[in-house]
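So the chains spell out like this:
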Amino acid sequence: MAALSSSPSPPPHCSSSAYHYSKSLSSIGFHHHKGLTLSSSSSYSSIYTKRFSLQSKPSKYSNVVLCMQDGAVAAAVSPIENETPFKKLKDGLLNVASPEEQKEAADFDINRDKSNVSITVVGASGDLAKKKIFPALFALYYEGYLPQHFTIFGYARSKMTDAELRTMVSKTLNCRIDKRENCGEKMEEFLKRCFYHCGQYDSQEHFGELDKKLKEHEAGRVSNRLFYLSIPPNIFINAVKCASLSASAASGWTRVIVEKPFGRDSESSAALTKALKQYLEEDQIFRIDHYLGKELVENLSVLRFSNLIFEPLWSRQYIRNVQFIFSEDFGTEGRGGYFDNYGIIRDIMQNHLLQILALFAMETPVSLDAEDIRNEKVKVLRSMRPLKLDDVVTGQYKCHTKGVVAYPAYTDDKTVPKDSRTPTFAAAALFIDNSRWDGVPFLMKAGKALHNRRAEIRVQFRHVPGNLYNRTFGTDLDQATNELVIRVQPDEAIYLKINNKVPGLGMRLDRSYLNLLYAARYSKEIPDAYERLLLDAIEGERRLFIRSDELDAAWSLFTPVLKEIEEKKITPEYYPYGSRGPVGAHYLAARYNVRWGDLGLEQ
Ligand SMILES: NC(=O)C1=CN([C@@H]2O[C@H](COP(=O)(O)OP(=O)(O)OC[C@H]3O[C@@H](n4cnc5c(N)ncnc54)[C@H](OP(=O)(O)O)[C@@H]3O)[C@@H](O)[C@H]2O)C=CC1
Ligand SMILES: O=C1O[C@H](COP(=O)(O)O)[C@@H](O)[C@H](O)[C@H]1O
């Protein structure tokens, strides 16, 4: 019996395609599975991986591998260590797949060589495409996650040849520090699969030309098409119209990833959804919020629902407040034109921070299925009180000189009006009116041009009632409560502040950290959020994308206060570039008896 592993050459029982898949599976811990052995006498034509597929089975089996033999499923295994979801099938092999899943896997096996995925990056000449989308696609290719037949097209108005697109893309590619093997070769192979088509976003004719080119590459195979709208929002609808009418897949699926912002308020968001739905079904629309693809945000549910010690504490009974903090140590540099129309509340709070809050506060979903998770998130959002103006503080950065360096004010940006009141900083206190969270302040703080770059969740626990050690804490009991910190970036970490006795003969208490620092615990580099989300969109996994009712609920919370801020022309509090932001944020927190957790000097 030979164990399926990530050994350097294909094990005898695997065809090269099977090996290709098993190799990529090693990255999710598959090779650690002690229970899996495949008979060396069997030959497996392919290995089919489906994430979160076995809904009829215990939902913990998040990754399932179906080993195909002679067009039928020969084995199904979960890569979760120490779990054995196998049933005996034949050849000493084990199986848990339902008949439908076996059929799906068999179809997959039959169609593997007959289908093609074409990914069109609309707005390929832009900042996001260069910075994130092409590098993420390359990383997926490098790791073996893209299907055998795939083509990438850049689409934009800028005049470019295929060679010029490749040169542009090549400048942005890099291999992970731990994966430098054959990097140059892989880049070459990847770039050969990248092409460019120059066209207008509102021209059906130009999208029709793209369609012809895509068909040539698809070469008669089933065509699945993914369009990534990496363009300013005012041209989303035209681009969707033209792509859907002139370049939809003839035989396979067509999906569209839509970048934020999804509107400016409830009305414009509803209008955008309505317009998109003229051309697409809801299940073709993938509204991306890249914070949902971040490793520590993904881990939030794992932390809550797979550790007995957290979930019982996850309520108003033990939690005093929760803080969601986003800060960047640079301004809107280069994006002032976009930003001025939106501001920090729309740019960060209404989407990234609110999405994290919903995952943090939701009830246990029925399963890990996308709809079950999104149902729970919507319930939380709908239980929240619309934000009041009194519970919001806004700020805008002003110029600041530090030594010989002069940092600009927000309004120094040429694309920003000199009298702009757009907030580049905001702090807010939100409340969830349900039985779990009644009365617990959920504080948000987001800002640009602050003293550091950081995104984190801070959970401050209540005091220990009748604490025996009151006197040995010193004077500041506030500082002595437990705090759980989930640092989303940079230096991903989860740490818990606890009280500890200082070693020695006396009795003195001290704050210490139980610290899970990812870089120390895991040698693998963490994938970029866009990699996870692009892969999910290709696989049709919707869990990390925003459903239209979630979006409506999110806008309902923020729209009234955004309107009031604009109508009343509220002047933001000015803060120096590189500072900790306006002091108003502290007054707001103090009103709810909260102290921001990111004030102290800690790791
Ligand atoms: N950049 C970022 O970090 C992030 C961006 N986003 C969102 O992603 C999308 C793309 O962002 P980004 O790449 O920064 O955008 P860009 O401003 O770089 O625009 C992308 C491309 O769209 C075309 N374009 C720009 N302005 C117009 C216009 N007025 N009319 C028609 N075409 C235009 C240009 O291509 P050409 O002229 O060649 O046609 C440009 O290269 C946006 O929706 C943005 O909000 C979301 C999160 C982060
Ligand atoms: O969506 C956005 O996110 C970025 C921050 O993303 P990160 O992954 O680098 O943390 C932010 O700079 C931008 O303003 C906003 O539109």
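All values reported here derive from a predicted model rather than from experimental measurement.

**Some points on the overall build of the protein**
Link 1 in the chain: Looking only at helices and strands, the protein has 16 helices and 21 strands in total.
Link 2 in the chain: Within the protein, contacts between residues at least 6 apart in sequence are counted, and of these 75% link residues at least 24 apart.
Link 3 in the chain: Of the accessible surface of the protein, which amounts to about 26500 Å², a share of 52% is contributed by carbon and sulfur atoms.

**Points about the site of ligand 2**
Link 1 in the chain: In the region of ligand 2, the neighbouring residues are Lys260, His290, Tyr291, Lys294, Glu328, Arg335, Asp347, His352, Lys448, Arg453 and Gln489.
Link 2 in the chain: Contact distances for ligand 2 include 3.2 Å between an oxygen atom and a side-chain N or O atom of Arg335.
Link 3 in the chain: For ligand 2, the accessible surface in isolation is 390 Å², of which the surrounding protein chains cover 85%.
Link 4 in the chain: Partitioning the shell around ligand 2 into residue classes produces one nonpolar, three polar and seven charged.

**A word on the sheet that holds strand S7 (residues 222-229)**
Link 1 in the chain: Pairing is mixed across the open sheet formed by seven strands, whose spatial order is S6-S5-S4-S7-S8-S9-S20. Edge positions in the open sheet fall to strand S6 (194-198) and strand S20 (545-546), since each of these has one partner strand only.
Link 2 in the chain: Pairing geometry for strand S4 (residues 115-122) and strand S5 (residues 150-156), over six bridges, is parallel. Bridge assignment links Ser118 to a residue of S5, and that residue is Thr151.

**Here's the deal with the confidence of the model for the protein**
Link 1 in the chain: Taken over all residues, the pLDDT of the protein has a mean of 84, while the share at 70 or more is 79%.
Link 2 in the chain: In this model, residues 1-64 is a region of pLDDT below 50 whose contacts with residues beyond four sequence positions or in other chains number 153 contacts.
Link 3 in the chain: A low-confidence stretch, residues 78-96 stays under pLDDT 50, and its non-local contacts, those more than four residues away or across chains, total 63 contacts.
Link 4 in the chain: Across the whole predicted complex the pTM is 0.84, and at the interface the ipTM reaches 0.98.

**Focus: the pairing of strand S10 (residues 319-327)**
Link 1 in the chain: With respect to burial, S10 is a largely interior element, nine of its nine residues being buried.
Link 2 in the chain: Of the pairings in the sheet, the one linking S10 to strand S15 (residues 442-447) comprises six bridges and is parallel in character. Directly across from Val322, in S15, lies its bridge partner Phe442.

**Focus on the side chain of Gln489**
Link 1 in the chain: Considering the arrangement of structural elements, one finds Gln489 in strand S17 (residues 483-489).
Link 2 in the chain: A distance of 3.2 Å separates polar atoms of two side chains, one belonging to Gln489 and the other to Tyr291.
Link 3 in the chain: Setting aside its immediate chain neighbours within four residues, Gln489 contacts Tyr291, Lys294, Arg453, Arg454 and Ala455.

**Details of the packing of helix H7 (residues 236-247) against helix H8 (residues 266-279)**
Link 1 in the chain: Two elements in contact, H7 and H8, have axes separated by 9 Å at closest approach and are oriented at 10°. Comparing the axis directions of H7 and H8 gives the class roughly parallel. Residue-level contacts link Phe236, Ile237, Val240, Lys241, Ser244 and Leu245 of H7 to Leu272, Ala275, Leu276 and Tyr279 of H8.
Link 2 in the chain: Residues belonging to the contact of H7 with H8 are distributed by class as follows: eight nonpolar, one polar and one charged.

**Some points on the environment of Leu140**
Link 1 in the chain: With respect to the secondary-structure elements, Leu140 resides in helix H3 (residues 127-142).
Link 2 in the chain: Residue classification places Leu140 among the buried positions, given a relative accessible area of 3%.
Link 3 in the chain: Taking the C-alpha atoms as reference points, Leu140 and Leu535, separated by 395 residues in sequence, lie 7.5 Å from one another.

**A few points about the site of ligand 1**
Link 1 in the chain: With respect to spatial proximity, 20 residues lie near ligand 1, and among them Ser125, Asp127, Leu128, Ser158 and Tyr201 are the closest.
Link 2 in the chain: Tyr201 is positioned such that a nitrogen or oxygen atom in its side chain is 2.6 Å from an oxygen atom of ligand 1.
Link 3 in the chain: Lys260 has a polar backbone atom sitting 3.0 Å from an oxygen atom of ligand 1.
Link 4 in the chain: Its free accessible area being 870 Å², ligand 1 has 76% of it covered by the protein chains.
Link 5 in the chain: In terms of residue count, H3 provides more of the shell around ligand 1 than any other element does, three residues in total.
Link 6 in the chain: Grouping the constituent residues of the shell around ligand 1 by class yields ten nonpolar, four polar and six charged.

**Concerning the nonpolar core**
Link 1 in the chain: In this structure, Phe190, Phe324, Phe360, Phe442 and Phe558 are the most contacted members of the largest nonpolar core, which totals 146 residues.
Link 2 in the chain: Of all the elements, helix H11 (residues 343-361) adds the most residues to this core, at twelve residues.

**Here we look at the pattern of salt bridges**
Link 1 in the chain: For the structure on display, the rule yields 33 salt bridges.
Link 2 in the chain: Ionic pairing is found between Asp528 and Lys132, a salt bridge with its closest N-O pair at 3.3 Å. Here the residue Asp528 occupies a position in the loop between helix H13 (518-521) and helix H14 (529-539), and Lys132 occupies one in helix H3, the gap between them amounting to 396 residues.
Link 3 in the chain: With relative accessibility at 28%, the residue Asp528 sits in the partly exposed group.
Link 4 in the chain: Note that Glu541 is salt-bridged to Arg543, the shortest N-O span being 3.7 Å. Taken as a pair, Glu541 and Arg543 share a single burial class, namely buried.

**With respect to the sheet that holds strand S21 (residues 573-576)**
Link 1 in the chain: The mixed open sheet is built from nine strands, whose spatial order is S19-S18-S17-S16-S10-S15-S14-S11-S21. Whereas interior strands pair on both sides, the edge strands pair on one side only; in this sheet they are strand S19 (509-517) and S21. On average, each strand axis in the sheet is tilted by 20° relative to the strand beside it, whichever way the strands run.
Link 2 in the chain: Relative to S19, strand S18 (residues 493-501) runs antiparallel, the two sharing nine bridges. By the bridge assignment for S19, Lys501 is matched with Leu509.

**Re helix H15 (residues 548-567)**
Link 1 in the chain: In this model H15 runs 27 Å from its N-terminal to its C-terminal C-alpha over 20 residues, within 8% of the 28 Å that 1.5 Å per residue would give.
Link 2 in the chain: Of all bends in H15, the biggest is about 35°, found at Phe558, and the proline Pro560 comes one to four residues later.
Link 3 in the chain: Of the residues flanking the end of H15, it is Lys569, one or two places downstream, whose phi is positive at about 50°.

What counts and what doesn't
Residues numbered from 1 in each chain as written. Chains lettered and ligands numbered in written order. Predicted model: local features only at pLDDT ≥ 70, side-chain atom pairs only at ≥ 80, totals over all residues. Heavy atoms only, no water. Helix = DSSP H or I, 4+ residues; strand = E, 2+ residues; numbered from the N terminus. Contact = heavy atoms within 4.5 Å. Areas by Shrake-Rupley, 256 points an atom, 1.4 Å probe, with all protein chains shown as cover. Near = heavy atom within 4 Å. Polar contact = N/O pair within 3.5 Å; in protein donor to acceptor, adjacent residues only side chain to side chain. Nonpolar A, V, L, I, M, F, W, Y, C, P; charged D, E, K, R; others polar. Pairing = 2+ DSSP bridges. pLDDT = per-residue confidence, 0-100. Buried < 20%, exposed > 50% of the residue type's maximum accessible area, 1.4 Å probe, protein only. Axes fitted to C-alpha atoms, helices over the stretch in contact; angles between N-to-C directions. Parallel < 35°, antiparallel > 145°, perpendicular 65-115°, else oblique. Core = buried A, V, L, I, M, F, W, Y, C linked by side-chain atoms within 4.5 Å. Salt bridge = Lys/Arg side-chain N within 4 Å of Asp/Glu carboxyl O. Expected span 1.5 Å × (residues − 1). Bend = angle between axes of the 7 residues up to and from the residue.

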